[in-house]
Amino acid sequence: MTTRTSAGQILVGIDGSEASAAALRWAAAEARFRGLRLHVVYVRDPDEPELAPYAPLGDGNGDDHPAPPETALRLAAHAALGPHLPPDCLLEAAEGLPVHVLLDRAEGAEMLVLGNSRPGSTEARQAGEPMAPLGPVARDCVRGASCPVVVVRPDYVKSPASGSPGCVLDKVAE
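Definitions and cut-offs
- Residues numbered from 1 in each chain as written.
- Predicted model: local features only at pLDDT ≥ 70, side-chain atom pairs only at ≥ 80, totals over all residues.
- Heavy atoms only, no water.
- Helix = DSSP H or I, 4+ residues; strand = E, 2+ residues; numbered from the N terminus.
- Buried < 20%, exposed > 50% of the residue type's maximum accessible area, 1.4 Å probe, protein only.
- Contact = heavy atoms within 4.5 Å.
- Areas by Shrake-Rupley, 256 points an atom, 1.4 Å probe, with all protein chains shown as cover.
- Core = buried A, V, L, I, M, F, W, Y, C linked by side-chain atoms within 4.5 Å.
- Arc of directions from axis to C-beta.
- Right-handed = clockwise from strand over helix to strand, strands pointing away.
- Pairing = 2+ DSSP bridges.

**Some words on the overall build of the protein**
What the protein contains, in helices and strands, is four helices and six strands. Mapped in sequence order, the helices and strands of the protein form the string β-α-β-α-β-α-β-α-β-β. Per-residue burial over the protein gives 37% buried out of 174 residues. Taking the intrachain contacts of the protein between residues at least 6 apart in sequence as the baseline, contacts between residues at least 24 apart amount to 80%. Working note: accessible area of the protein is about 9,900 Å², and carbon and sulfur atoms make up 54% of it.

**Observations concerning the nonpolar core**
The biggest cluster of nonpolar side chains holds 26 residues, and the ones touching the most others in it are Val12, Ile14, Leu24, Leu38, Val40 and Val113. Breaking this core down by element, the ones donating at least two residues are strand 1 (9-14), helix 1 (18-34), strand 2 (37-44), helix 2 (69-81), strand 3 (90-95) and strand 4 (111-115). Looking at this core, the element that brings in the most residues is helix 1, giving seven residues. Once you skip the residues sitting within four places of it in the chain, Leu24 turns out to touch Val12, Ile14, Leu38, Val40, Ala76, Ala77, Ala80 and Leu81. Ranked by size, the runner-up nonpolar core spans twelve residues in total, among them Leu11, Val41, Ala94 and Leu112.

**A short note on helix 3 (residues 98-106)**
Within the sequence span of helix 3, burial applies to Val99, Val101, Leu102, Arg105 and Ala106. For helix 3, the buried positions fall inside an angular range of 165° around the axis, keeping them on one side. Where helix 3 is buried, its residues contact strand 1, strand 2, strand 3, strand 4 and helix 4 (136-144). Phi turns positive one or two residues past the end of helix 3, at Gly108, with a value near 85°.

**Considerations on the pairing of strand 2**
Within strand 2, six of the eight residues are buried, which leaves the element mostly enclosed by the surrounding structure. Remark: the strand 1/helix 1/strand 2 crossover connection has right-handed handedness. When strand 2 meets strand 3, the two strands line up parallel, connected through six bridges. Its bridge partner lying in strand 3, Val40 is registered against Leu91.

**Comments concerning unusual backbone geometry**
A positive phi is found at Asp88, a non-glycine position, where the angle reads about 60°. Following the sequence through the fold, Asp88 ends up in the loop between helix 2 and strand 3. Here Asp88 falls in the partly exposed class, since its relative accessible area comes to 47%.

Take a look at the structure:
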């Protein structure tokens, strides 16, 4: 079991979606406002199917093969926050079930921030479909986290002032 120092930090889970980019922007602004460390976690689920190495590449646009978790993490963080990440920012690529990894990392954190791209109104869903305001990861984190959980909609666009470069990549294998 690894010991995690998460006090004095805001944890944000990202997956490369617009909603997680909005969550990262919100968390970075909040961490700066509170003077806390920003801990960004990208979780790769090992049970998600991947293409076999001998599979054809498809149309060649590059979307057929997912990027390695470390690359996806850096690309998503820079896409959301720009070229200069906040000082003392920790980037972590982890492997495991996203809910389990996020709940583990949130232990002792000031808050957990997640994105939510589910429709927020009844007009946004199709007639007859049940309303599911949160996806399964956000729902289970809200239920199980030992710290406050903030769920950010993808339309949050405020971008905090960029800090100087200095993020650390901490690859964790589960």
